[in-house]
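Listed here are the chains, written in short residue letters.
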Amino acid sequence: VVIGIMAVATTMTVSNGLGNRFKEDISAVGSDVLYVSRTPWIITGNFFQYRNRPQLTLEQSEKLNQQLKSAVGINPSTGTRRNVKYRSNVIEHINIIGTTEKQMLVSNSVPDYGRFFSGIDVHYKKFVCVIGSEIKDHVFPDIDPLQKEIKIGRYTFCVIGVMEKEGGGTFGGPNYDRRIYIPITSFIKAYGNRNRQFTIAVKASNQGELEKFRYELIGEMRQIRKLGPTDEDNFSINSMDSLLDAYNSVMGVIVIIGFIITSFSLFVGSIGLMNIMFVSVTERTREIGIRMAIGAKRKIILFEFLLESSC
């Protein structure tokens, strides 16, 4: 019984803890932001139906920025992985995010100190970067990283800021502290844009009308992608709510399975208690018979045994 109760309590504690951590992770990107990508984040059907979709481009992001006037900010981004080095300190397989100055609009994360790059840095393709807190701890453990030059792959970038600590990595998701942000123009200049997966983040002006804004965004994207009235969308609109719904569905199944498994412990424990009480009654058959012979009632004897078992 103790094992069963501990198992139930542990299952609920773990599920609630993971749920809170997951919500903290997705809160860093905001719930009023929609993401345009080539494929959906969560693929439930046949993957091959998305295989021939054309990639998103920076030109399409610029057209969307011109046409979608109701958006607060539109930010294209892409990424790759590279090793990062400063002198003899090396950290491997870091997420390098090419983005624009509007990253601050579509994300709740801000630099802890230093600054984020500006539109001028993006326009002139400056090799500057903003590093995550984990990069700072590993590569610059004892010194101020600002204005220091680091090697990202084969190219040298100047550190102009350090992002605040965010965490992440729940269920294999992105660890925001292991990211480096660079201007998207510098990213393309250094690493190229051939076969790159671009994502366009679009921040709505009013979270209460997010669904209406979604349909407006779909209409503009269909026009930009030159789709006919009967053509299916060759892009996907994603949001943090879809991830949260998928998480809740998965965790609901896990919690139900956990309760089924832990209920076996409670069932086995209850069988054990039943047998112990049965044996205790069997061993005292003579005593019970004598007491009933001298006038003890059944309910009094039953109450006595229940009292003894509860103590």
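Above: the structure in question.
Rules and cut-offs
Residues numbered from 1 in each chain as written. Predicted model: local features only at pLDDT ≥ 70, side-chain atom pairs only at ≥ 80, totals over all residues. Heavy atoms only, no water. Helix = DSSP H or I, 4+ residues; strand = E, 2+ residues; numbered from the N terminus. Buried < 20%, exposed > 50% of the residue type's maximum accessible area, 1.4 Å probe, protein only. Contact = heavy atoms within 4.5 Å. Areas by Shrake-Rupley, 256 points an atom, 1.4 Å probe, with all protein chains shown as cover. Lys, Arg positive; Asp, Glu negative; His and termini not counted. Charge placed at Lys NZ, Arg CZ, Asp CG, Glu CD. 1 Å grid on protein atoms, 1.4 Å probe; cavity = no way out; pocket = protein on both sides within 12 Å on 5 of 7 lines; lining within 4 Å. Points joined across faces, edges and corners; volume = space filled by probe spheres on them. Nonpolar A, V, L, I, M, F, W, Y, C, P; charged D, E, K, R; others polar. Core = buried A, V, L, I, M, F, W, Y, C linked by side-chain atoms within 4.5 Å. Expected span 1.5 Å × (residues − 1). Arc of directions from axis to C-beta. Pairing = 2+ DSSP bridges. Phe/Tyr/Trp six-rings, centres within 6.5 Å; stacked < 30°, edge-to-face > 60°. Salt bridge = Lys/Arg side-chain N within 4 Å of Asp/Glu carboxyl O.

Each helix and strand counted, the chain has 10 helices and 10 strands in total. C-alpha extents for the chain along the principal axes are approximately 105 × 60 × 35 Å. Burial analysis of the chain (311 residues in total) assigns 40% to the buried set. Here the contacts in the chain between residues at least 6 apart in sequence split such that 71% fall between residues at least 24 apart. Counting only carbon and sulfur atoms, one obtains 57% of the accessible surface of the chain, whose full area is about 18100 Å². When the 37 basic and 30 acidic side-chain charges of the chain are each reduced to a single mean position, those positions are 5 Å apart.

Attention shifts here to the side chain of Arg 214. Of note, Arg 214 is situated in helix H7 (residues 210–224). Relative accessible area serves as the criterion here: at 18%, Arg 214 is assigned to the buried category. Apart from residues lying up to four places away in sequence, Arg 214 is in contact with Leu 34, Ile 237 and Ser 239.

A volume near 250 Å³ is recorded for the second largest pocket. Lining the second largest pocket are Leu 58, Ser 61, Glu 62, Asn 65, Ile 74, Pro 76, Thr 100, Glu 101, Lys 102, Val 122, Ile 184 and Thr 185. Contributing elements (two or more residues each) for the lining of the second largest pocket: helix H2 (58–67), strand E2 (71–86) and helix H6 (184–191). Looking at the lining of the second largest pocket element by element, the count peaks at four residues for H2. Of the residues assigned to the lining of the second largest pocket, the class counts are five nonpolar, four polar and three charged.

Below, the discussion takes up the nonpolar core. In terms of nonpolar packing, the biggest core is built from 22 residues, with Val 36, Leu 64, Leu 68, Val 202, Leu 217 and Met 221 touching the most fellow members. Mapped by element, the contributors of at least two residues to this core are strand E1 (33–37), H2, E2, strand E9 (199–204) and H7. The element that contributes the greatest number of residues to this core is H7, accounting for six residues. Setting aside residues up to four positions removed in sequence, Leu 68 forms contacts with Ile 74, Val 202, Phe 213, Glu 216, Leu 217 and Glu 220.

Turning our attention to helix H10 (residues 298–310). Owing to its 3.6 residues per turn, the α-helix aligns residues three or four sequence positions apart on the same side. If you check H10, its first and last C-alpha atoms are 18 Å apart, about what 13 residues at 1.5 Å a residue would give, namely 18 Å. Those residues of H10 not exposed but buried are Ile 301, Glu 304 and Phe 305. One face of H10 carries all of its buried residues, which in axial projection span an arc of 95°. Away from its buried face by more than 90 degrees, H10 exposes Lys 299, Leu 302, Phe 303 and Ser 310. Turning to H10, the residues buried within the fold contact helix H8 (240–283) and helix H9 (285–293).

Once that is clear, we can look at the pairing of strand E10 (residues 236–239). In E10, alternate side chains face the same way, and those of Ser 236 and Asn 238 on one face and Ile 237 and Ser 239 on the other are all buried. Taken together, the four bridges between E1 and E10 define a ladder with antiparallel strand orientation. In the strand pairing of E10, Leu 34 is matched with Ser 239.

Here the focus is the packing of aromatic side chains. According to the stated counting rule, one finds eight aromatic pairs in the structure shown. Look at Tyr 35 and Trp 41: their rings are 5.1 Å apart centre to centre, the planes differ by 45°, and that puts the pair in the tilted class. Seen from their ring centres, Phe 127 and Phe 157 are 4.7 Å apart, and the 20° between their planes marks the pair as stacked. Of this pair, Phe 127 sits in the loop between helix H4 (119–123) and strand E5 (128–131) while Phe 157 sits in strand E7 (residues 155–163), and the two are 30 residues apart along the sequence. Owing to a relative accessible area of 22%, Phe 127 belongs among the partly exposed residues under this scheme. Put simply, the rings of Phe 127, Tyr 155, Phe 157, Phe 187 and Tyr 191 touch in pairs and so form one group of aromatic residues.

What follows covers the pattern of salt bridges. Two side chains with opposite charge may pair up if their charged atoms get near one another. Evaluated as defined, the whole model comprises 10 salt bridges. With a closest N to O distance of 2.8 Å, Asp 32 and Lys 203 form a salt bridge. With Asp 32 in the loop between helix H1 (2–27) and E1 and Lys 203 in strand E9, this residue pair connects regions lying 171 residues apart in the sequence. There is no split in this pair, since Asp 32 and Lys 203 are both buried. Among the ionic pairs, Arg 178 bridges to Glu 134, the shortest N-O distance being 3.1 Å.

Time to look at the environment of Asn 248. Looking at the secondary structure, you find Asn 248 in helix H8. By relative accessible area, Asn 248 is classed as partly exposed at 40%. Residues Asn 248 and Ile 260, spaced 12 residues apart in sequence, show a C-alpha to C-alpha distance of 18 Å.

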